[in-house]
Amino acid sequence: MRTHQLVLAWIEEQLAGGALTVGGRLPPERALATQLAVSRASVREAIRILEAMGVVRSGVGSGPDAGTVITADPTAALGSALRLHVATSHFPVADIVQTRVLLESWSVAHAAARGQAPELDAAAALLERMDACADADEFLALDAAFHVELAKAAGNAVVGAMMGSLRAAIQGYASSLTANLPDWDATSARLQGEHRGILEAIRAGDGARAGTLVGAHIEGYYREAGMPSPASGSGDTPGA
Ligand SMILES: [Zn+2]
């Protein structure tokens, strides 16, 4: 095990055991190096890795913001990792589409069972903004945000974070497909009709209908852009 991995293992152990908690601070670099018998460079490397993973934030100077603070920001780190792996084609777009159908049909069904959630109001507000939006890329950024709100409305923190992580990848593939669409105005009007149908079904407590509608919405866009059915499995054919 490399020495910075010893530091990572120790921090993970402290988090799992509850000795370190969100909002708390890591021991100072020098103290940690002495305690674990590693170099300060190893401690710094471990902290850089944890920063990139959204687990800690390094403060500067002295005072209340000084030191390395434990944070909990999984979406930023997971989101950029997913986006990079989509960029390398390690994660084919068809697999992202299939994952969306899986997560989102579950989410809307649970959101419907849960009743009114503040995320549904946020989702409705995003639809208003999309109505006023002529630019396709901007529309699709709001569209991805709308789907994240629906997922969060289910009330499961892990599913919400997973959808938050997928957001940039969703926006990326949706934007890359607009060139394949013959008539953006017609497509965006159709998407908005579908968005309102999904939201209405959730608000009416009809989880089964909301699930069917969201699946058809996600796959419909993908197919309209001329992509093969994601349900047939992607294997080594990324589609785009
Ligand atoms: Zn949508």
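Everything quoted here is computed from the prediction, not taken from an experiment.

## Side note on the coordination of the zinc ion
- Of the protein atoms, only Asp143 (OD), His147 (NE2), His195 (NE2) and His217 (NE2) coordinate the zinc ion, at distances of 2.1 to 2.2 Å.
- Classification of the site at the zinc ion rests on its 4 donor atoms, whose angles at the metal span 88 to 171 degrees, yielding the label irregular.
- Coordination of the zinc ion draws on donor residues from a single chain, spaced D-x3-H-x47-H-x21-H in sequence. Here the residue His147 occupies a position in helix H7 (residues 136-152), and His195 occupies one in helix H9 (residues 184-203), the gap between them amounting to 48 residues.

## What to know about helix H10 (residues 207-224)
- Its 18 residues place the ends of H10 25 Å apart at the C-alpha level, agreeing with the 26 Å of an ideal helix rising 1.5 Å per residue.
- Inspection of H10 places Gly207, Ala210, Gly211, Val214, Gly215, His217, Ile218, Glu219, Gly220, Tyr221 and Tyr222 among the buried residues, and these make up the whole buried set.
- The inward-facing, buried residues of H10 abut helix H5 (93-114), H7, helix H8 (157-176) and H9.
- In the segment just after H10, Gly226 is the residue with positive phi, at about 85 degrees.

## Overview of the domain arrangement of the chain
- Partitioning the chain into domains gives domain 1 (3-70) and domain 2 (74-232).
- Using only C-alpha atoms to locate each centre, domain 1 and domain 2 end up separated by 36 Å.

## Examining unusual backbone geometry
- Even without being glycine, Ala37 reaches a positive phi, approximately 55 degrees.
- If you trace the backbone, Ala37 turns up in the loop between helix H2 (29-36) and helix H3 (40-52).

## Points about the packing of H5 against H8
- Running from N to C, H5 and H8 cross one another at 140 degrees; their axes reach a closest spacing of 11 Å. By the angle between their axes, H5 is oblique relative to H8. When the axes of H5 and H8 are compared, the crossing they make is left-handed. Residues Val93, Ile96, Val97, Thr99, Arg100, Leu103, Glu104, Trp106 and Ser107 of H5 lie in contact with H8, whose contacting residues are Val159, Met162, Met163, Leu166, Ala169, Ile170 and Tyr173.
- Class assignment for the residues of the contact of H5 with H8 results in 12 nonpolar, 2 polar and 2 charged.

Calculation notes
Residues numbered from 1 in each chain as written. Predicted model: local features only at pLDDT ≥ 70, side-chain atom pairs only at ≥ 80, totals over all residues. Heavy atoms only, no water. Donors = N, O, S within 2.8 Å, 3.2 Å for Na, K, Ca; no water. Tetrahedral: all angles 85-135°; square planar, octahedral: opposite > 155°, others 65-115°. Helix = DSSP H or I, 4+ residues; strand = E, 2+ residues; numbered from the N terminus. Expected span 1.5 Å × (residues − 1). Buried < 20%, exposed > 50% of the residue type's maximum accessible area, 1.4 Å probe, protein only. Contact = heavy atoms within 4.5 Å. Domains from an automatic or database assignment. Axes fitted to C-alpha atoms, helices over the stretch in contact; angles between N-to-C directions. Parallel < 35°, antiparallel > 145°, perpendicular 65-115°, else oblique. Left-handed = near helix turned anticlockwise from the far one by under 90°. Nonpolar A, V, L, I, M, F, W, Y, C, P; charged D, E, K, R; others polar.

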